Amino acid sequence: MVFGKRSIITLAVLAVIIGWVYYFLTARGITYIWHWEQIPQLLFYHGTRTAAETTPSLHLGVLMIGFILTLKISAVAIVFAIILGTIVGIARLSSEPITRAISITFVELIRNTPLLVQIYIIYFFVGSMLRLSAFAAGTAALAIFEGAYVGEIVRAGIQSIHKGQMEAARSLGMSYGKAMRHIVLPQAFKRIIPPLAGQFISLVKDSSLVSVIALADLMFQGQQAVARTYSAFEIYFTVAALYLVMTSVLSMATQYIERRLAVSD
Amino acid sequence: MIRVNHLYKTFKTPNRKEVKALVDFSAHIQKGEVVVIIGPSGSGKSTFLRCLNRLEEVDSGEIIIDGQSILEKKADINKVREELGMVFQHFNLFPHKTVIENVTLAQLIVRKRQKEKAMKIARDLLEKVGIADKESNYPSQLSGGQQQRVAIARALAMQPKIMMFDEATSALDPEMIGEVLEVMKTLAREGMTMLAVTHEMGFAREVSDRVIFMDGGQIVEEGTAEHFFNNPIHDRTKLFLSQIL
């Protein structure tokens, strides 16, 4: 099965919504001239990009260019969110009160302020001090925001592992770090795959907010294309479908990983 | 080999009550001695074992293992634990690792043995506890008795000087107790220094050098199995024996 049942259903629902919009507009006597024909060239087009190119060839359209940037931002942010989240989750369970307090404060601060505000702060304030590119600032903001959530998920995962596991590992002479790395974390991560997948799907969608700092991601390219063509419906539906492709692939990938890790159950 | 002097350990229950698990507890264990610790539930038997490898921190007292005072700040507890094998009531095998990985992991990352050597030691031990054919199975695919035998092999693989058994057969179905006790008896006969908290009086009679009866965090009575089962002195001991035998 290449596509999961769920993604087929989701695509069907999207089609129904588009159909309903058609029906709604006609029923109200609103004449909206659809320009679906503009969409393919926003994805791929055959032609020349610059005057220097003499022979026309197949190129990525703006939406696909945005799609790829969104993929890059999301992938990098996911990697850093996992690293940050693991550190935050372990720190939250530390026996050191100060380490614990830092972790709690971080999580509360990040979770209780809007991502959009954080993106602006990191881009305009931190970013200009450290001379960060929009990509670095946007990705960092996403990684930090999602990292706080991942931290809570990791903490719950670690706490769900029976303390006998840590005791058995320690009684064999493993240090706390070795016991965490080899015994507790592998089991915890296996258990938290479903909530982590949900978090990463959120991350992909939240990444659309980085368009506000002029990062030319899928959302940004979509907005620009709408501004040029006025075909808001067609383009935003396409943008939504492209996000759906990314999140569906992520869902399927996690289901696959879950199945593979189930061998020891 | 083990000298324990004046241990105190108090637990706080969630509703802030204090439970005295060990009260001025002292004991000495010789090299090669097989000591069985019995007593009613909550008498501090398990706490004593868990204090020896510092899974529990004592409030005060002194523990000297092999001449080293292990409660001192500078004592490397990981080094101490390498020499103190522990077998738990609920096995605590690593569920995400196969049987052979369970037995080799600590050898590799703690003892820093070569892979080949660790595998050799692990296979010999699995042979010894009678589950050589299960090495690539996961713990969840084994019976309770088999899991506990793997847990014993895992502890033995570190080649510890002392083995501690914390109610190793209490969580097993009756028909599986025998196979685990057999392994423990074999170890005892081979001269391993052993501390076993158990309710298996047959094991105590057959292989123990000494039986310690605990109640209320203290030793009430101790002696050879012979003395203990045939001529107990204290009323508390007599009562306990009458309840379990």
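Computed from a predicted model, the values in this text were never measured in an experiment.

Considerations on the interface of chain B and chain A
Logical step 1: With 25 residues of chain B at the contact, the number on the chain A side is 19 residues.
Logical step 2: For the pair chain B and chain A, the summed buried surface comes to about 1900 Å²; carbon and sulfur atoms form 60% of the total.
Logical step 3: Looking only at chain B, the three residues that lose the most surface to chain A are B:Phe94, B:His96 and B:Ile109, adding up to 26% of its buried area.
Logical step 4: Residues B:Arg50 and A:Glu167 are paired through a salt bridge, measuring 2.6 Å at the closest nitrogen-oxygen approach.
Logical step 5: Scanning the region where chain B abuts chain A turns up six residue pairs in polar contact (both at pLDDT 80 or more).

Thoughts on the side chain of B:Glu135
Logical step 1: Within the secondary structure, B:Glu135 sits in the loop between helix H4 (115–128) and helix H5 (144–156).
Logical step 2: At 2.7 Å, the side chain of B:Glu135 forms a polar contact with the side chain of B:Arg123.

Quick look at the sheet that holds strand S2 (residues 18–29) of chain B
Neighbouring strands of a sheet are bound in pairs by backbone hydrogen bonds; such pairs are parallel or else antiparallel.
Residues and elements named next belong to chain B.
Logical step 1: Strand order in the open sheet formed by four strands is S2-S1-S4-S5, and the pairing between neighbours is antiparallel. Two strands in the sheet have a free side with no partner beyond their single neighbour: S2 and strand S5 (68–69).
Logical step 2: Where strand S4 (residues 60–65) meets S5, two bridges bridge the pair, whose relative direction is antiparallel. If you follow Ile65 over to S5, its bridge partner there is Gln68.

Remarks on empty space enclosed by the protein
Residue and element names in this part refer to chain B.
Logical step 1: By the definition in use, this model includes one cavity of 30 Å³ or more.
Logical step 2: If you add up the space inside the largest cavity, you get close to 30 Å³.
Logical step 3: Phe165, Glu167, Ala168, Thr169, Met184, Val197 and Thr198 together form the lining of the largest cavity.
Logical step 4: In the lining of the largest cavity, the residues fall into four nonpolar, two polar and one charged.

Re helix H9 (residues 193–206) of chain A
All names here are of chain A.
Logical step 1: With 14 residues, H9 should reach 20 Å at 1.5 Å per residue; the first-to-last C-alpha distance of 19 Å fits that figure.
Logical step 2: What H9 keeps buried is the set Ile193, Leu196, Ala197, Gln199, Phe200, Ile201, Leu203 and Val204.
Logical step 3: For H9, the elements touching its buried residues are helix H3 (62–92), helix H6 (134–160), helix H8 (176–191) and helix H11 (232–261).

Topic: the layout of surface pockets
Logical step 1: Estimated volume of the largest pocket: approximately 580 Å³.
Logical step 2: Among the secondary structure elements, those contributing two or more residues to the lining of the largest pocket are H6, helix H7 (163–171) and H8 of chain A together with helix H2 (77–82) of chain B.
Logical step 3: Of all the elements, H7(A) adds the most residues to the lining of the largest pocket, at four residues.
Logical step 4: Each residue belonging to the lining of the largest pocket can be placed in one class, and the counts come to nine nonpolar, four polar and eight charged.
Logical step 5: Here the second largest pocket is characterised by a volume of approximately 470 Å³.
Logical step 6: Every residue lining the second largest pocket is counted, 23 residues in all, and those nearest its centre are B:Ser46, B:Thr47, B:Arg50, B:Gln89 and B:Asp166.
Logical step 7: Elements with a minimum of two residues in the lining of the second largest pocket: H7 of chain A together with S2 and helix H1 (45–52) of chain B.
Logical step 8: Across the lining of the second largest pocket, the residue classes break down as four nonpolar, eleven polar and eight charged.

Here's the deal with the pattern of salt bridges
Logical step 1: In total, this model carries 24 salt bridges over all chains according to the counting rule given.
Logical step 2: Between A:Arg111 and A:Glu108 there is a salt bridge, with its nearest N and O atoms 3.5 Å apart. Placement of both A:Arg111 and A:Glu108 in helix H4 (residues 97–111) is noted, with a separation of three residues, approximately one turn of the helix.
Logical step 3: We note a salt bridge from A:Glu152 to A:Arg155, for which the minimum N-O separation is 3.1 Å. Remark: A:Arg155 and A:Glu152 occur in helix H6; sequence separation between them is three residues, near one turn of the helix. A:Arg155 carries the same exposure label as A:Glu152, and that label is buried.
Logical step 4: Residues joined by salt bridges that share partners form a network here, namely A:Lys163, A:Glu167, B:Arg50 and B:Glu56.

Thoughts on the packing of H8(A) against H9(A)
Logical step 1: Axis separation between H8(A) and H9(A) bottoms out at 5 Å; the angle between their running directions is 65°. Residues A:Phe189, A:Lys190 and A:Arg191 of H8(A) form the contact with H9(A), whose participating residues are A:Ile193, A:Pro194, A:Pro195 and A:Leu196.

Side note on the packing of H6(A) against H8(A)
All names here are of chain A.
Logical step 1: One can describe the packing of H6 onto H8 by two numbers: an axis separation of 8 Å at closest approach and a directional angle of 110°. With respect to their mutual orientation, H6 and H8 come out roughly perpendicular. The element H6 and its partner H8 pack so that their crossing is right-handed. Across the interface between the two elements, Val154, Gly157, Ile158 and Ser160 from H6 touch Met180, Val184, Leu185, Ala188, Phe189 and Arg191 from H8.
Logical step 2: Class assignment of the residues belonging to the contact of H6 with H8 gives a composition of seven nonpolar, two polar and one charged.

Reading the values: the criteria
- Residues numbered from 1 in each chain as written.
- Chains lettered and ligands numbered in written order.
- Predicted model: local features only at pLDDT ≥ 70, side-chain atom pairs only at ≥ 80, totals over all residues.
- Heavy atoms only, no water.
- Contact = heavy atoms within 4.5 Å.
- Buried area = accessible area lost by both parts, 1.4 Å probe.
- Salt bridge = Lys/Arg side-chain N within 4 Å of Asp/Glu carboxyl O.
- Polar contact = N/O pair within 3.5 Å; in protein donor to acceptor, adjacent residues only side chain to side chain.
- Helix = DSSP H or I, 4+ residues; strand = E, 2+ residues; numbered from the N terminus.
- Pairing = 2+ DSSP bridges.
- 1 Å grid on protein atoms, 1.4 Å probe; cavity = no way out; pocket = protein on both sides within 12 Å on 5 of 7 lines; lining within 4 Å.
- Points joined across faces, edges and corners; volume = space filled by probe spheres on them.
- Nonpolar A, V, L, I, M, F, W, Y, C, P; charged D, E, K, R; others polar.
- Expected span 1.5 Å × (residues − 1).
- Buried < 20%, exposed > 50% of the residue type's maximum accessible area, 1.4 Å probe, protein only.
- Axes fitted to C-alpha atoms, helices over the stretch in contact; angles between N-to-C directions.
- Parallel < 35°, antiparallel > 145°, perpendicular 65-115°, else oblique.
- Left-handed = near helix turned anticlockwise from the far one by under 90°.

This is a description of form; function is not addressed.
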